[in-house]
Amino acid sequence: MKYFPFFMELSKQSVLIVGGGEVAERKLDLLIKANASVTLVSPEFTENIKNIYKQKNFKCITGEYSDKYLDNNNYTFVIVATNNEKLNEKIANDAKQKKILVNVVDKPDICDFIFPSILERGPITVAVSSGGSSPVLARMLRTKLETMIPGAYGRLAKIISNNRISVRKKFKNSKSNRIFWEQMLNGKFVELILSGQDKQAIAFLESEIKTFDEDKKGEGEVYLVGAGPGDPDLLTFRALRLMQQADIALYDRLVHPSIIDLIRRDAKKIYVGKQRDNHELRQEEINDLLVKYARKGYRVLRLKGGDPFIFGRGGEEIDSLVDKNISFQVVPGITSASGCSAYSGIPLTHRDYAQSCIFVTGHLRKGKLELNWEKLIQPNQTIVFYMGLVSIDIICNELIKHGLNSSTPCALIQQGTTPDQKVYISTLESMGDVVKKEKPSAPTIFIIGNVVTLRSKLNWFQSD
């Protein structure tokens, strides 16, 4: 993070703008809206600035810039908006020497701060910045946000503000306060505001404040959420919503860091990842943690790579929750086989190549992999091995031994759906040698079958 975002109240601050053109005009408009005390210095000003000057209270000084304007004025910051690059650099240096923050328009390398692209909805202010690298991109993103955040959200914020104190006084702890507002902002209350029924919304809110049972709502709950194969864009809306509601998050090593970053910032995050022969926590201990935190009234997020019910041991975890009478929700995720194959241009089924697909775990037990090999070797069937990297030699040898052609095409996909994705294409008899040479690392998915030949034609995702 190059620039740290924060919001400053300017109603009691003084600001100097050097420049009188259209750029200075845009900055002036923003600062007037923020009730700042503004002084402009320029040999000449646009007609619009002159018109604003007649209506608004700010100071215009007609003349050339001098460093004397920085003395004894207690400016909070200076905005430089002239078309003279050498003058801009001089003003920036003058301000820095006097320890005044400075922004030089379109020159982020000599700025102390930059201006974001701003979206306003009443008391709600959304700021988008590209770190000065592309203001046009920031404006485009703001435009997208404008379509997602209707103007009614300004009214919504005001109604919430008017009722915050009464809600806070009613509840015994801050957690109940947050739970109440999250419940209101995910249901009928918001829908009434968005449809223009403000009076009905206020009446509904007042009723909910009176009837809200803090003790009952304070009971804990577990969210068993599938994080998908790695790309954050593959999360479901529901998964993201629950990730933002959780008080505590337990996550494993298969959850990509970019997805962990989407968990509510102030939630307690606990790593419970398991690697082969090196378990951070045993499964029983993870189950106990879920029960422990839920019983304390926390909303507990159990975030698992892929889908929690496909080789994710999610069934074991909710089984223990049922035994302890703990409420829970399950949110499916895109399983790694589906996500990684799609991002590799390898369809798991295809009318001309495979009419069935089977998912298998390649996890070793005491150095052995005991599977019904004959059942795996069926005509026109795709085989997908999860956790098969360590057992790759055993898998290939056993399939050949039980009758699968040694020239059957196969693909090993590492870090699928992420910018670090790598795909190794080989045959059943040669994949072991490829692994020894390339040394791929987990997590991986191993796909075996004639559908692999389609990759050369259907590959669309270009990773770094």
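I will try to describe carefully the structure that is included in this document. (Residues numbered from 1 in each chain as written. Predicted model: local features only at pLDDT ≥ 70, side-chain atom pairs only at ≥ 80, totals over all residues. Heavy atoms only, no water.)

## Some words on the overall build of the protein chain
What counts is decided by this rule: Runs of E in the DSSP output that reach at least two residues are strands. Runs of H or I that reach at least four are helices, and both are numbered from the N terminus. A radius of gyration in this sense is built from C-alpha atoms; the matching globule rule multiplies 2.2 Å by the number of residues raised to 0.38. Accessible area is worked out with a 1.4 Å probe on protein chains only. A residue is then buried under 20% of its type maximum, exposed over 50%, and partly exposed in between. Contact criterion: two residues are considered in contact whenever any of their non-hydrogen atoms come within 4.5 Å of each other. Here, Shrake-Rupley sampling with a 1.4 Å probe gives the accessible areas, and only protein chains in the shown set may cover a residue. The convention is simple: Lys and Arg are positive, Asp and Glu are negative, and His and the chain ends are not counted. Just so you know, the charge point we use is NZ for Lys, CZ for Arg, CG for Asp and CD for Glu.
What the protein chain contains, in helices and strands, is 18 helices and 19 strands. Over its C-alpha trace the protein chain gives a radius of gyration of 30 Å, far above what one expects of a compact globule, namely 23 Å for 464 residues. By residue count, 45% of the 464 residues in the protein chain fall in the buried class. Nonlocal contacts in the protein chain, meaning residues at least 24 apart in sequence, comprise 63% of its contacts between residues at least 6 apart. When the accessible surface of the protein chain is summed, it comes to about 25,800 Å², and 49% of that surface belongs to carbon and sulfur atoms. Side-chain charges in the protein chain split into 64 positive and 53 negative, and the spacing between the mean points of these groups amounts to 4 Å.

## Let's talk about the state of the cysteines
What counts here: By disulfide we mean two sulfur atoms from cysteines, separated by a distance within 2.5 Å.
Inspection of every chain in the model, using the stated rule, returns zero disulfides. With no disulfide partner, C340 has as its closest neighbouring cysteine sulfur the one in C357, 13 Å distant. Accessibility expressed as a relative area gives 5% for C340, which makes it buried. C396 supplies the cysteine sulfur nearest to C410, a cysteine that is in no disulfide, at a spacing of 5.6 Å.

## Considerations on the sheet that holds strand β8 (residues 221-226)
Here is the rule we go by: Strand pairing is defined by DSSP finding a minimum of two bridges between the two strands. Lines fitted to C-alpha atoms define the axes here, with helix axes fitted over just the stretch in contact, and angles between the N-to-C directions of these axes take values from 0 to 180 degrees.
The five strands lie next to each other as β10-β9-β13-β8-β14, forming an open sheet whose pairing is parallel. A strand with exactly one partner marks an edge of an open sheet, and here the two such strands are β10 (268-271) and β14 (327-331). The sheet shows a mean angle of 20 degrees between the axes of neighbouring strands, direction not considered. The pairing of β8 with β14 spans five bridges and is parallel. Along β14, the bridge assignment pairs Y223 with Q329.

## Details of the environment of Q378
For clarity, the cut-off: Residues adjacent in sequence count toward polar contacts only when both atoms are side-chain atoms; beyond that, a polar contact is any pair of N or O atoms within 3.5 Å, and within protein one must be able to donate a hydrogen and the other to accept it.
Inspection of the secondary structure puts Q378 in the loop between α15 (373-376) and β16 (381-386). In the structure, Q378 is positioned 53 residues away from N325 in sequence and 43 Å away in space, judged by C-alpha atoms. A polar contact is formed between the side chain of Q378 and the backbone oxygen of E374, at a distance of 3.2 Å.

## Some details on the nonpolar core
What tends to happen in soluble globular proteins is that the nonpolar side chains get buried as a cluster. Filter applied, for reference: Residues grouped as a nonpolar core are buried Ala, Val, Leu, Ile, Met, Phe, Trp, Tyr and Cys residues, joined through side-chain atoms within 4.5 Å.
Formed by 21 residues in total, the largest nonpolar core has its most connected members in I383, F385, L399, L412, M431, F446 and I448. Of all elements in the fold, only α15, β16, α16 (392-401), β17 (409-414), α17 (431-438) and β19 (444-448) reach the threshold of two or more residues within this core. Sorting elements by how many residues they give to this core places α16 first, with four residues. Core analysis: the second largest hydrophobic core is formed by 19 residues, L16, V41, Y65 and A95 among them.

## Regarding the sheet that holds strand β4 (residues 75-80)
Spatially, β3-β2-β1-β4-β5 is the arrangement adopted by the five strands of the open sheet, whose pairing is parallel. Each of the sheet's edge strands pairs with one partner strand only, and the pair in question is β3 (59-62) and β5 (101-104). Averaged over all pairs of adjacent strands, the angle between strand axes in this sheet comes to 15 degrees, irrespective of strand direction. Sheet analysis places strand β1 (residues 14-18) next to β4, joined by five bridges and oriented parallel. Pairing of V18 across the sheet is with V80, part of β4.

## So, a nonpolar patch on the surface
Quick reminder of the rule: Without a salt bridge and with relative accessible area above 30%, a residue can belong to a patch; like charges are then joined within 9 Å and nonpolar side chains (Val, Leu, Ile, Met, Phe, Trp, Tyr) within 5 Å. Salt bridge criterion: a side-chain nitrogen from Lys or Arg within 4 Å of a carboxyl oxygen from Asp or Glu.
Taken together, the side chains of M1, F4, F6 and M8 define a hydrophobic patch exposed on the protein surface, amounting to about 560 Å² of accessible area. Positionally, M8 belongs in the segment before β1. On the basis of relative accessibility, which here comes to 39%, the residue M8 falls in the partly exposed class.

## Thoughts on the packing of helix α5 (residues 152-170) against helix α6 (residues 174-184)
This is how the line gets drawn: For classification purposes, an angle smaller than 35 degrees is called roughly parallel, one larger than 145 roughly antiparallel, one from 65 to 115 roughly perpendicular, and anything else oblique. Take the far helix as the reference: if the near one is turned anticlockwise from it by less than a right angle, the crossing is left-handed, and if turned clockwise, right-handed.
At a closest axis distance of 11 Å, the pairing of α5 and α6 adopts a crossing angle of 140 degrees. In this view, α5 runs oblique relative to α6, as classed from their interaxial angle. The handedness of the crossing between α5 and α6 comes out as right-handed. Between α5 and α6, the contacting residues are I160, N163, R164, V167 and R168 on the first element and N177, F180 and W181 on the second.

## As for the packing of aromatic side chains
Note the threshold: Note on aromatic contacts: the rings of Phe and Tyr and the six-membered ring of Trp form a pair at centre separations within 6.5 Å, being stacked when their planes are under 30 degrees apart, edge-to-face when over 60 apart, and tilted otherwise.
Under the criterion given, the structure shown has 15 aromatic pairs. Their ring planes at 70 degrees and their centres at 6.5 Å tell us that F77 and F115 sit as a pair that is edge-to-face. In this pair, F77 sits in strand β4 while F115 sits in the loop between β5 and β6 (117-121), placing the two residues 38 residues apart along the sequence. Judged by its relative accessible area of 6%, F77 is buried.

## Here's the deal with the environment of A24
Mapped onto the fold, A24 is located in helix α1 (residues 22-33). In this structure the C-alpha to C-alpha distance between A24 and V80, which are 56 residues apart in sequence, comes to 8.1 Å. Not counting residues within four places of it along the chain, the set of residues in contact with A24 comprises I17, G19 and A81.

## Section: the pattern of salt bridges
On inspection of all chains with the given rule, the structure shows 19 salt bridges. The salt bridge partner of K50 is E47, with a shortest N-O separation of 3.5 Å. Here K50 pairs with E47, and both are found in helix α2 (residues 47-55), just three residues apart, close to one helical turn. The exposure class of K50 is partly exposed, given its relative accessible area of 40%. For E47, a relative accessible area of 53% corresponds to the exposed category. The residue R142 makes a salt bridge to E146 at a minimum N-O spacing of 3.8 Å. Note that R142 and E146 are positioned in helix α4 (residues 135-148) at a spacing of four residues, about one turn of the helix. For R142, a relative accessible area of 22% puts it in the partly exposed group. Judged by relative accessible area, E146 falls into the partly exposed class, the value being 34%. One salt-bridge network, held together by shared partners, links R178, E182, D247, R264, D266 and R299.

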